[in-house]
Every structure is written in C-alpha cells, then in structure tokens.
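Per-entry structural report
Residue-level listing of the chains:
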Amino acid sequence: MGSSSLRTLGSAALLRRALPSGEFSGRPGGQFQVDSTAWGILALTACDGSAELLDQSRHLLMREQLLDGRLCVNKTHPASYWPTSLAILAWQDSQSCSEAQQRAIRFLLDTTGFHFPRESDAPSAHDSQLKGWPWVDETHSWVEPTAMSVMALRATGYGRHDRVQEAVHMLLDRQLPHGGWNYGNTLVFGKELHPMPESTGAALAGLAGDVDRKKVARSLDYLQGEVDRLRTPISLGWALLGLAAWRMAPPNAATLVERCLANQKRYGEYETSALCLLVLGALAMEMGGQIPLLTASVYKGLPLALTQ
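As the structure is a computational prediction, the values presented were derived from the model and not from experiment.

Quick word on the overall build of the protein
Looking only at helices and strands, the protein has 14 helices and two strands in total. Taking 308 residues into account, the globule formula puts the C-alpha radius of gyration at 19 Å, and the protein, at 18 Å, falls close to it. Judged by the C-alpha coordinates and their principal axes, the protein covers about 55 × 45 × 35 Å. Out of the 308 residues belonging to the protein, those deemed buried represent 56%. Contacts in the protein between residues far apart in sequence, at least 24 positions, make up 62% of those at least 6 positions apart.

Below, the structure is given as structure tokens:
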C-alpha cells in the first residue's frame, strides 16, 4: 500500500466519522467525542484532508475548552483533562486557534499530578517525585499522557522548558531495566513488570530528539522484536510512531498495517482514535521516518523532535 492510497483510504474512513457540524464521532454513526475530534484533525491533516473541514473542526474543538485552558473527555468531568495535549497538536498552524492553544499550553505547564517522596519500603521502585502528567487530575503521572504532553509542548516550542525536561527525566526513570515501558511502573515488590508496545511506542516518540540513543537502545530492541506480532491498531500505531521517531521503520510495515485493517472484517470498525493512530503510524513509515503526529508542519518536513 503506497502513501497515496493510504491517504485516500484514511481520508475516506475518517470522513465517514465527521459529523455535519465538523466534529468527529467515536465510531461511524456515533456521537461527538473530544479526543476523536482531535485525533481526527491530526490524521485528516496528514491525509491532506479538506482545509475547510479541518478549520471547522478546530474551531468546534475550541468550544470544548474550559476557562483555565484544559480540554476534557467531557465538560461534566473536568478532572479528565488528558485530551489537552491532543488539542494543542490539533491546533497547530492555525492562527485563529493560537490564543486557545496558548491557554492550553499554559494549563499543561502549570499543572501536574499527585507526587510524593518515595519511602524506603515502598513497593514500587520508580521516583515518585518526578513530575509528568496524569490521565486524571490529582492522580499520579503515567507514561502515555506524559509522552503526549511532551510532544505537544515540544512541537509548540517549549521543549527546553524545565517542566518538559523534568517530564523527560520521568519517562527515563519509568523505563524498564530490560527495555520498554508499561503504563508507568518498573519494579513492584522487587519484580520487574512487563513492557507494553503502546506505552513503549509513545515514550519513544516523546523522547526522540531529546535523549541519546544509547539510553533507549533496549527499548528499541524490544519494540522491534514485538512489532510483527501486533494485531491491534493502538499497539501497532504507537509502535510504528515510536520506531519512526528513531528512523527504524520495519520493512514490512505496509503488510502489518494491511493485516490490522483487515481485522475490522472480523471485529468491526475501529474506534476513531485507534484508526487515526494506525493511519498516522503507517504514514510515518511511508514518509521515511517523519512523524505526522507532532506538528502540522511536519507533513512536508522533519518533526521538531528530530531537529532539535
């Protein structure tokens, strides 16, 4: 599958999830979702989608922003602010959304989860004082929301900010001794936990361009060894994005993506966010290691994470 056919296929699938008002539903025929809309904007931009629709979608996403800058899964649950980083990325290269984007950036820079000194007899081994970002307010920082926030802030020029650099240290601290990441623990009661490809791919994408390759070599080896076995869009999409960030595209990436897409005949159509991740991961491979997730300007050039 070439990049042109992938863009066409991706656009068609995404447009079926675009509501008349411009938002994106979680599934075809479903209702508006904040995260689906943000992911839809990112993927449709990478697929050279309609500028008019994308502009409309970005402005509708602005309506979901709360006064302090956050965007939540649902306004009735303001603690679930993890889609904020997605919105920052979705608003890239949009002058009319720049004020909203800056408020979202300020929210992330001023916000953290729950952190505490690690006791000598603590069951977990990671440094619990290092600040990243949580999924939900007033909870501990975890790998995927931290990686997404790092990418969003780096893409908007805040990569050297102290808050981002501490989050980079947090991600390195949560790396498993034998390589890879899971949701955010390393050893519990002295036993090393298992890595997960989606968490590993997200962490590698977040760290690309900011740390020496030697520091993540085992994680790259782990993900390379796993990618052929991945069958689900979230795991495969993040794995491809993580490997692309380090210029390690698997030679059979197109076959893996086609196999994953074919699984919809058996399991039904994927959720919008999962489909978008798969499309973005596939395009990262087709584009020779570029990451269409990080900033809208990378669709025709290198991502900021690889040029710093």
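Observations concerning unusual backbone geometry
At Asp48, a residue that is not glycine, the phi angle is positive and equals roughly 60°. As for its placement among the helices and strands, Asp48 is situated in the loop between helix 2 (34-46) and helix 3 (51-62). For Asp48, a relative accessible area of 55% corresponds to the exposed category. Of note in this structure, Glu138 is not a glycine but carries a positive phi near 65°. Examined against the element boundaries, Glu138 turns out to sit in the loop between helix 5 (98-110) and helix 6 (143-155). Exposure remark for Glu138: the relative accessible area of 57% places this residue in the exposed category.

Focus: helix 5
Spanning 13 residues, helix 5 covers 18 Å between terminal C-alpha atoms, matching the ideal 18 Å at 1.5 Å per step. Residues of helix 5 that are buried include every one of Ala100, Gln101, Ala104, Ile105, Phe107, Leu108 and Leu109, and no others. Turning to helix 5, the residues buried within the fold contact helix 3, helix 4 (84-90), helix 6 and helix 7 (162-173).

A few points about the pattern of salt bridges
The tally for this structure, following the rule as stated, stands at eight salt bridges. For the salt bridge of Glu269 with Arg16, the shortest nitrogen-to-oxygen distance reads 2.6 Å. You can see Glu269 sitting in the loop between helix 12 (264-267) and helix 13 (272-286) and its partner Arg16 sitting in the loop between helix 1 (3-15) and helix 2, a full 253 residues away along the chain. Of the residues examined, Glu269 reaches a relative accessible area of 34% and is grouped as partly exposed.

Here's the deal with helix 11 (residues 253-262)
What helix 11 keeps buried is the set Ala253, Leu256, Val257, Cys260 and Leu261. One face of helix 11 carries all of its buried residues, which in axial projection span an arc of 130°.

Here's the deal with the environment of Leu236
Relative to the helices and strands, Leu236 resides in helix 10 (residues 233-244). The exposure class of Leu236 is buried, given its relative accessible area of 0%. In the structure, Leu236 is positioned 53 residues away from Tyr183 in sequence and 16 Å away in space, judged by C-alpha atoms. When near neighbours in sequence (up to four residues on either side) are disregarded, Leu236 contacts Val227, Leu230, Leu256, Val257, Cys260 and Leu278.

Quick look at the nonpolar core
With 87 residues, the main nonpolar core has Trp39, Leu61, Trp91, Val216, Leu236, Trp238 and Trp246 as its most contacted residues. Ranked by the residues each element gives to this core, the list is headed by helix 13, at eleven residues.

Considering the packing of aromatic side chains
Applying the stated criterion across every chain yields a total of five aromatic pairs. A centroid spacing of 6.4 Å and a plane angle of 80° characterise the contact between Trp39 and Trp238, whose relative ring orientation is edge-to-face. With Trp39 in helix 2 and Trp238 in helix 10, this pair connects stretches of sequence that are 199 residues apart. Its relative accessible area of 6% is what places Trp39 among the buried residues.

A few points about the confidence of the model for the protein
When the pLDDT values of the protein are averaged, the result is 89; 91% of them are 70 or greater. Segment residues 295-308: pLDDT under 50, and 39 contacts once partners within four positions in sequence are set aside and those in other chains are kept.

Some points on the environment of Gly69
With respect to the secondary-structure elements, Gly69 resides in the loop between helix 3 and helix 4. Placed 15 residues apart in sequence, Gly69 and Thr84 show a C-alpha to C-alpha distance of 8.0 Å. For Gly69, the contacting residues outside a window of four places in its chain are Thr84, Arg103, Ala104 and Phe107.

Quick notes on the environment of Ser94
Positionally, Ser94 belongs in the loop between helix 4 and helix 5. The class of Ser94 is buried, set by a relative accessible area of 9%. On a C-alpha basis, the gap between Ser94 and Thr112 in space is 27 Å, while along the polypeptide they are 18 residues apart.

What counts and what doesn't
- Residues numbered from 1 in each chain as written.
- Predicted model: local features only at pLDDT ≥ 70, side-chain atom pairs only at ≥ 80, totals over all residues.
- Heavy atoms only, no water.
- Helix = DSSP H or I, 4+ residues; strand = E, 2+ residues; numbered from the N terminus.
- Rg over C-alpha atoms; globule rule 2.2 N^0.38 Å.
- Buried < 20%, exposed > 50% of the residue type's maximum accessible area, 1.4 Å probe, protein only.
- Contact = heavy atoms within 4.5 Å.
- Expected span 1.5 Å × (residues − 1).
- Salt bridge = Lys/Arg side-chain N within 4 Å of Asp/Glu carboxyl O.
- Arc of directions from axis to C-beta.
- Core = buried A, V, L, I, M, F, W, Y, C linked by side-chain atoms within 4.5 Å.
- Phe/Tyr/Trp six-rings, centres within 6.5 Å; stacked < 30°, edge-to-face > 60°.
- pLDDT = per-residue confidence, 0-100.

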